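# Breakdown of the fold
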Amino acid sequence: MVGSSAFAKKYKSEGNCSVQLIDGDGTYNVSGIDHFIKEVKLGECGLSYAVVSIMGPQSSGKSTLLNNLFGTNFMEMDAFKGRSQTTKGIWLARCAGIEPCTLVMDLEGTDGRERGEDDTAFEKQSALFALAISDIVLINMWCHDIGREQAANKPLLKTVFQVMMRLFSPRKTTMLFVIRDKTRTPLENLEPVLREDIQKIWDSVPKPEAHKETPMSDFFNVEVVALSSYEEKEEQFKEQVASLRQRFMHSIAPGGLAGDRRGVIPASGFAFSADQIWRVIKENKDLDLPAHKVMVATVRCEEISNEKFAHFITNEDWRKLDEEVQAGPVSGFGKRLTSILGSCLSEYDGEATFFDEGVRSSKRHQLEEKLLQLVNPAFQDVLGHIRWGMLEKFKASFDKALEIGEGFSSASTTWLKACMDQFDEECAGAIIEQANWDTAKVREKLVRDIEAHVSSVRTSKLSELTSQYETKLHQALSEPVEALLEGASDQTWTTVKKLHGRETETAVSGFSSALAAFDIEEETREKMVKSLQEYSRGVIESKAKEEAGRVLMRMKDRFATIFSNDADSMPRVWTGNEDLRAITKAARSASLKLLSVMAVMRLGDETDNIEKTLTVALLDSTPSKKSITASDPLASSTWDEIPSSRTLITPVHCKSIWRQFKTETEYTVTQAISAQAWLLYSQEANKRGSNWLPPPWAIFALIILGFNEFMTLLRNPLYLGVLFVGFLLLKALWTQLDIPGEFRNGALPGIISISAKFVPTIMNLVKNLAAQGEAPPAANPENRRPSNNTSSSASSSDNPIEHKSASKTD
Ligand SMILES: Nc1nc2c(ncn2[C@@H]2O[C@H](COP(=O)(O)OP(=O)(O)OP(=O)(O)O)[C@@H](O)[C@H]2O)c(=O)[nH]1
């Protein structure tokens, strides 16, 4: 910054701008230099730039030389005002018309009376600063000082050489000695003297052990040029300056003034580098230029990296791609992202290319990592879209394949492969060149999802298949088994067993073939087949249990069938000569057969003596025998040697059923006995006389004794009317009840049949009256139908045939 308004006025930019880099107090102008760098576009120069500085005694015409040499506008002293300090601190400007971009620094003059003799700190600091960042240092000196012991430039050179020792690795700076106000003595004569002076100074400077023997040429290129006096021979001065100017063109090219410079800081790091160097110098520390270079590279590469990362976040292409990914599947994701990332990294490479390679690569890697971390969620989303799409595709294709009848196993294998191939292909399209991202986990997840779907469909299909075969088995077994059990005979269980075996085998065979298409484990297949076999047995069991529950009804039906029909299955016509005992026994025996068949399941090869046990215990037993027998074989809830799993009706239950059966069939037997008794009586009466009219003497007595009553009737029309109504009622009943028809089969069956039509009506009437709280009508217990399960009745009349037969005998 300019210290006063006068300075500011003088240094105001006119054409080529200049800036005060460091002011007289040693303050670095951070904002000024940043502005300057931007203005001269130094950041774009990479390594193609040079830095020139000039040092020399105060008021030795430095600024005048620079302004003429480089077209700068550094402030010059007004010759008419006398010699005084013009330049304070260090100023920076861009050389006009010099290629490549060349910056020039005008340093505050040495030996200035303004700072005093003892204040050489700034002089040394600025000299070290100039040596650290310049490729070429112009050392301005009066011609008449050459060879002089007390020359003004000697302390300056000492300072330069001393501070040079504080640079760990000097940049091999070119020292261009500019001899001002040259005399007639030719340069050829002056130069050796000057070089000798320089060498003497170099030799006299104390050096560290490492550089004790190091020649000056390892640190400096020494060049000498002589110029005429600007004040006295301005024309010549300008010509010589113009010639000198040519030496600054392409100065960094091989063979140029700074052709063998070393450790150049890339242009974009110049401002930061200069700042850091000045800080180190001000703290009076040694300058480790290689380390400084790494430090500058680190900072600058970091800055470039951050800048590129920030640009990437707001990059339109990236934002658009990210939005598309959020919305759904994106084709060519990998290619597009690779290009966007590539551009970003290329920009970084372009800007960081001249910085230390190690630092640059490391920062590039960091930038890449950050970028990949930023875009990875989008990549994962893309993989998610691909995975989801493939899963849906598999489901649709697999279901369709099954619908058109393709085998389960082949359909699942084919479509799994097809979908996984497509998944791999689409994943390859999502992969970016910058990263070796793994898609294996997503792939595994897709395989797992597909397998889970296949498993779920398989379970559902197997369940369908199982119920299909179970339904078939149920249809094939249920009704036939029911029919077989209903007609229980010695062959029943053998036939059921054959039917069960045949149908089960057919079903298992078909089921096994169907299962083969499902690609299931042998163990599972066997389990399923076994389950079907068990189901088949279950159908038989359940039907058998059902029929066992209806055994009483079946027994009664069978009893009624045998009892009421003859051997030709024709309804019996009771003649009174039938052997009722034999008929009853046969009917009971057949019913007992049914009970014995239904008592246990016989699907195996085992035999049993249940029928014999039941026959002995129920059919052959009599009350007298029972009382003699010590133990009752049916007083048990299990059959001997028969597991409960096969038991349908327990022994004790058989006994109970039998008792109920007998009770409920007793009425039929009793009716038959009564009918037979009436028939016998009728036959007996017929034998006594076929005429049903009373004898003639009885008829005559009836006319004599009843004459008065007959006459009363004839005389009284009311009696006659009552008689007529009574006649009509009897005639109606005669026709309605078909009396002649009922008596067609004999008198007794006719009476029984007609009474049967009346008994229920009378019984209902009696019940209704009883229910209404009226006195129950006296009913003849002998005519009442036996109530169910009347054990007392059973015990008192266990075998009605025997009782009735006995009475018949009596
Ligand atoms: N004798 C002589 N005088 C010169 C020459 N060039 C410039 N001067 C004069 O020297 C005086 C100082 O010139 P500046 O260019 O300001 O010198 P400077 O070295 O930049 O001065 P400071 O920046 O104060 O150290 C001015 O009066 C110039 O006219 C020259 O070649 N020979």
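Residues numbered from 1 in each chain as written. Predicted model: local features only at pLDDT ≥ 70, side-chain atom pairs only at ≥ 80, totals over all residues. Heavy atoms only, no water.

## Some words on the pattern of salt bridges
Inspection of every chain in the model, using the stated rule, returns 35 salt bridges. For Asp260, the salt bridge identified is with Lys172, shortest N-O distance 3.7 Å. Of this pair, Asp260 sits in the loop between α7 (234-248) and α8 (270-282) while Lys172 sits in the loop between α5 (153-164) and β6 (173-180); the two residues are 88 residues apart in sequence, bridging distant segments of the chain. Overall, the relative accessible area of 35% leaves Asp260 in the partly exposed class. When its relative accessible area of 17% is taken as the criterion, Lys172 is described as buried. When the shortest N-O distance is used, the salt bridge between Lys363 and Glu302 registers 2.5 Å. Of this pair, Lys363 sits in helix α12 (residues 357-403) while Glu302 sits in helix α9 (residues 289-314); the two residues are 61 residues apart in sequence, bridging distant segments of the chain. Its relative accessible area of 9% is what places Lys363 among the buried residues. Three or more residues are tied together by salt bridges with common partners; here these are Glu482, Glu486, Lys543, Glu546, Glu547, Arg550 and Arg554. (Salt bridge = Lys/Arg side-chain N within 4 Å of Asp/Glu carboxyl O. Helix = DSSP H or I, 4+ residues; strand = E, 2+ residues; numbered from the N terminus. Buried < 20%, exposed > 50% of the residue type's maximum accessible area, 1.4 Å probe, protein only.)

## Remarks on the environment of Gln326
Along the polypeptide, Gln326 turns up in helix α10 (residues 316-327). The class of Gln326 is exposed, set by a relative accessible area of 52%. Put simply, Gln326 and His385 are 59 residues apart on the chain and 9.6 Å apart in space, counted from C-alpha to C-alpha.

## Quick look at a nonpolar patch on the surface
Side chains of Phe710, Leu714, Leu720 and Leu723 sit close together on the surface and give an oily, nonpolar patch of about 380 Å² of accessible area. Contributing elements (two or more residues each) for the nonpolar patch: α23 (707-715) and α24 (717-736). Position of Phe710 relative to the elements: it lies in helix α23. Its relative accessible area of 48% is what places Phe710 among the partly exposed residues. (Patch = residues over 30% accessible without salt bridge, like charges linked within 9 Å, V, L, I, M, F, W, Y side chains within 5 Å. Areas by Shrake-Rupley, 256 points an atom, 1.4 Å probe, with all protein chains shown as cover.)

## As for the UniProt feature "binding site: GTP" (unreviewed entry) in the chain
The sites that carry the UniProt feature "binding site: GTP" (unreviewed entry) are, in the present numbering, Gly56, Pro57, Gln58, Ser59, Ser60, Gly61, Lys62 and Ser63. Mapping Ser59 onto the fold places it in the loop between β2 (49-55) and α3 (62-70). As for its position among the elements, Lys62 is in helix α3. Apart from the residues within four sequence positions on either side, Lys62 is in contact with Ile54, Met55, Gly56, Pro57, Asp106, Leu107, Gly109, Asn140 and Arg180. Reaching out from Lys62, the side chain makes a polar contact with the backbone oxygen of Pro57 at a distance of 2.8 Å. (UniProt positions renumbered as here; feature names shortened; annotations may be inferred. Contact = heavy atoms within 4.5 Å. Polar contact = N/O pair within 3.5 Å; in protein donor to acceptor, adjacent residues only side chain to side chain.)

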